[in-house]
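Now for the letters of each chain:
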Amino acid sequence: MKEMVCIRCPIGCRLTIRREGEEIQVSGNGCPRGREYAVTEMTRPVRTFSVAVRVAGGDRGAVAVRVSKPVEKRYIQDIARIARTLLISAPVSVGQIVVKNVCGSGADLVAIAAVGCEKTL
Ligand code: SF4
């Protein structure tokens, strides 16, 4: 038996999950989304997350990027490792794809902030 809080809406139902073989029973959910959340968490948990990527020639040295859609948790460490090695050039615009299909996850790394070019005198 496992317990978790559904995070699909602010109500935060307390879910109880019982797994017997392939069968997953969920109780405590106030709507069908709670069951869907619990089953996904038990079988193929996904997350969205953001990370910083270094920028060359920018008015800031880094930009925040985010995965374009939830990715399986097993990809997170590899994506973070790749992001730490990246050095992209300014300017960077919001929504710019920094890495397509990062680590084969099916998600892109997308800039969520803009970085202008470094001012020169
Ligand atoms: S089970 Fe439904 S009502 Fe309860 S927190 Fe999840 S989404 Fe909200």
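What you see is a predicted model, and the numbers here were worked out from it, not measured in a lab.

Calculation notes
- Each chain carries its own residue numbering, running from 1 in the direction its sequence is written.
- Restriction of local features to residues with pLDDT of at least 70 applies here, the model being predicted, together with a cutoff of 80 or more for giving and counting side-chain atom pairs; totals for whole chains, interfaces and linings are based on all residues.
- Helix and strand assignments come from DSSP, with helices taken as H or I runs of at least 4 residues and strands as E runs of at least 2, each series counted from the N terminus.
- Once C-beta atoms are placed from the backbone, each residue is buried if 20 or more other C-beta atoms lie within 10 Å of its own, exposed if 12 or fewer, and partly exposed for counts between those two.
- We call two residues in contact whenever the C-beta atoms placed from their backbones are within 7 Å.
- Paired strands are those between which DSSP finds at least two bridges.
- Under this scheme, a helix contributes an axis fitted over its contacting stretch, all axes are lines through C-alpha atoms, and angles between N-to-C directions fall in the 0 to 180 degree range.
- Using the backbone to place each C-beta atom, any residue with that atom within 6 Å of a molecule or strand is considered near it.
- Each residue is assigned to one of three groups, with Ala, Val, Leu, Ile, Met, Phe, Trp, Tyr, Cys and Pro labelled nonpolar, Asp, Glu, Lys and Arg labelled charged, and all others, Gly among them, labelled polar.
- Note that the domain bounds reflect an automated or database-derived domain assignment.

Trainee: What am I meant to see in the overall build of the chain here?
Mentor: Per the secondary structure count, the chain includes two helices and ten strands. Secondary structure of the chain in N-to-C order comes out as β-β-β-α-β-β-β-β-α-β-β-β. C-alpha extents for the chain along the principal axes are approximately 65 × 30 × 15 Å. The buried share of the chain, reckoned over its 121 residues, is 21%. A separation of at least 24 residues holds for 48% of the contacts in the chain among residues at least 6 apart in sequence.

Trainee: Looking at this structure, how should I read the sheet that holds strand β1 (residues 2–5)?
Mentor: Pairing between the strands of a sheet comes from backbone hydrogen bonds, and it takes one of two forms, parallel or antiparallel. Reading across the sheet, the three strands line up as β1-β2-β3 and stay open at both edges, with antiparallel pairing between neighbours. In this open sheet, the two strands that pair with only one neighbour each are β1 and β3 (23–27). Taken over all neighbouring pairs, the strand axes of this sheet differ in orientation by 25° on average, direction set aside. The sheet contact formed by β1 and strand β2 (residues 14–20) spans four bridges and is antiparallel. Paired with K2 across the two strands is I17, which belongs to β2.

Trainee: Quick question: what am I supposed to make of the site of the ligand here?
Mentor: Neighbouring residues of the ligand: C6, R8, C9, I11, G12, C13, N29, G30, C31, R33 and G34. Of the residues assigned to the shell around the ligand, the class counts are five nonpolar, four polar and two charged.

Trainee: Hey, could you run me through the domain arrangement of the chain in this one?
Mentor: It is common to give the size of an interface as the accessible area lost on bringing the parts into contact. You can read the domains of the chain as domain 1 (2–43) and domain 2 (50–111). On a C-alpha basis, the centroid separation for the pair domain 1 and domain 2 is 31 Å.

Trainee: Explain the sheet that holds strand β5 (residues 50–56) to me, please; I cannot follow it from the model alone.
Mentor: The strand order across the open sheet formed by five strands is β8-β5-β6-β10-β9, and the pairing between neighbours is mixed. On the outer flanks of this sheet lie β8 (87–89) and β9 (97–99), each paired with one strand and no other. Geometrically, the sheet is characterised by an average inter-axis angle of 45° between neighbouring strands, direction not taken into account. For β5 and strand β6 (residues 62–67), the ladder comprises five bridges, and the chain directions are antiparallel. Note that in β6 the partner of V53 across the bridge is V63. Against the sheet, helix α2 (residues 76–85) contacts β5, β6, β9 and β10 (109–111), and its axis sits at roughly 15° relative to β5.

Trainee: Mind showing me how you'd approach the environment of V67 here?
Mentor: Take V67: it is sitting in strand β6. Along the sequence, V67 and V26 sit 41 residues apart, while their C-alpha atoms lie 29 Å from each other. For V67, the residues in contact, after removing those within four places along its chain, are T48, F49, I79, A107 and L109.

Trainee: Would you take a moment to explain the pairing of β6 for this structure?
Mentor: Two faces make up the sheet, and in a regular strand the side chains alternate between them. Residue alternation in β6 divides its side chains into a buried set, V63, V65 and V67, and an unburied set, A62, A64 and R66. Between β5 and β6, which pair antiparallel and follow one another directly, the connecting turn spans five residues, one of which, G57, has a positive phi of 75°. For β6 and β10, the ladder comprises three bridges, and the chain directions are antiparallel. If you follow R66 over to β10, its bridge partner there is V110.

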